[in-house]
Amino acid sequence: QVQLVESGGGLVQAGDTLTLSCVGSGRAFSTYVMGWFRQAPGKEREFVAAINWSGVTTYYADSVKGRLTISRDNAKSTVSLQMNSLKPEDTAVYYCAAAVRDGSRRIYDYMYWGQGIQVTVSS
């Protein structure tokens, strides 16, 4: 089991850069695929990015490809999401999550979730 805590959210302006971090507890952090999801008001939670256990392979939603970068540091049990060129449509609650299935973009493949953190991008 792993517990996840996100940090780094806030209010920014369009075009700004923001980096979210997620720290996991538990010795098995390095064995999990880690993902980021987001949920905007009135919308369903959607996949943003994922990274395999070693950090070698990454996956992105088309809507964020080229602007967002996921990375991990297993020594620190941390996964990060660097968000460049932010847009108002990136406004959402962002969640980090852990899964065992590599490359999964499906919510129900992710077993453990953080509490979420708000990111608001003003125009």
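Each remark here, short or long, concerns the structure printed above.
Colleague: Mind laying out unusual backbone geometry, listing which residues take part and the relevant values?
Modeller: In the Ramachandran plot, Ser77 falls in the positive-phi region, its phi being about 50° despite a non-glycine side chain. Looking at the element boundaries, Ser77 is found in the loop between strand 7 (68-73) and strand 8 (78-83). One non-glycine residue with positive phi stands out, namely Ser85, at about 50°. Along the chain, the position of Ser85 falls in the loop between strand 8 and strand 9 (92-99).

Colleague: Tell me about the sheet that holds strand 7, and please be specific about residues and values.
Modeller: If you walk across this open sheet you meet the 4 strands as 1-3-8-7, and the pairing is antiparallel. Of all strands in the sheet, those with a lone pairing partner are strand 1 (3-7) and strand 7, marking the two edges. On average, each strand axis in the sheet is tilted by 15° relative to the strand beside it, whichever way the strands run. Looking at chain direction, strand 7 and strand 8 are connected through 6 bridges and run antiparallel. Within the sheet, the bridge partner assigned to Ile70 lies in strand 8 and is Leu81.

Colleague: So what's going on with the pattern of salt bridges? Which residues, and what values?
Modeller: Applying the stated criterion across every chain, the model contains 5 salt bridges. Of the charged contacts, one joins Arg38 and Glu46 as a salt bridge, the two residues approaching to 2.7 Å between their closest N and O atoms. Take Arg38: its relative accessible area is 6%, and that puts it in the buried class. Where Arg67 meets Asp90, a salt bridge forms, and the shortest distance between an N and an O atom there is 2.8 Å. Of this pair, Arg67 sits in the loop between strand 6 (58-60) and strand 7 while Asp90 sits in the loop between strand 8 and strand 9; the two residues are 23 residues apart in sequence, bridging distant segments of the chain. The same class applies to Arg67 as to Asp90, namely buried.

Definitions and limits used
- Residues numbered from 1 in each chain as written.
- Predicted model: local features only at pLDDT ≥ 70, side-chain atom pairs only at ≥ 80, totals over all residues.
- Heavy atoms only, no water.
- Helix = DSSP H or I, 4+ residues; strand = E, 2+ residues; numbered from the N terminus.
- Pairing = 2+ DSSP bridges.
- Axes fitted to C-alpha atoms, helices over the stretch in contact; angles between N-to-C directions.
- Salt bridge = Lys/Arg side-chain N within 4 Å of Asp/Glu carboxyl O.
- Buried < 20%, exposed > 50% of the residue type's maximum accessible area, 1.4 Å probe, protein only.

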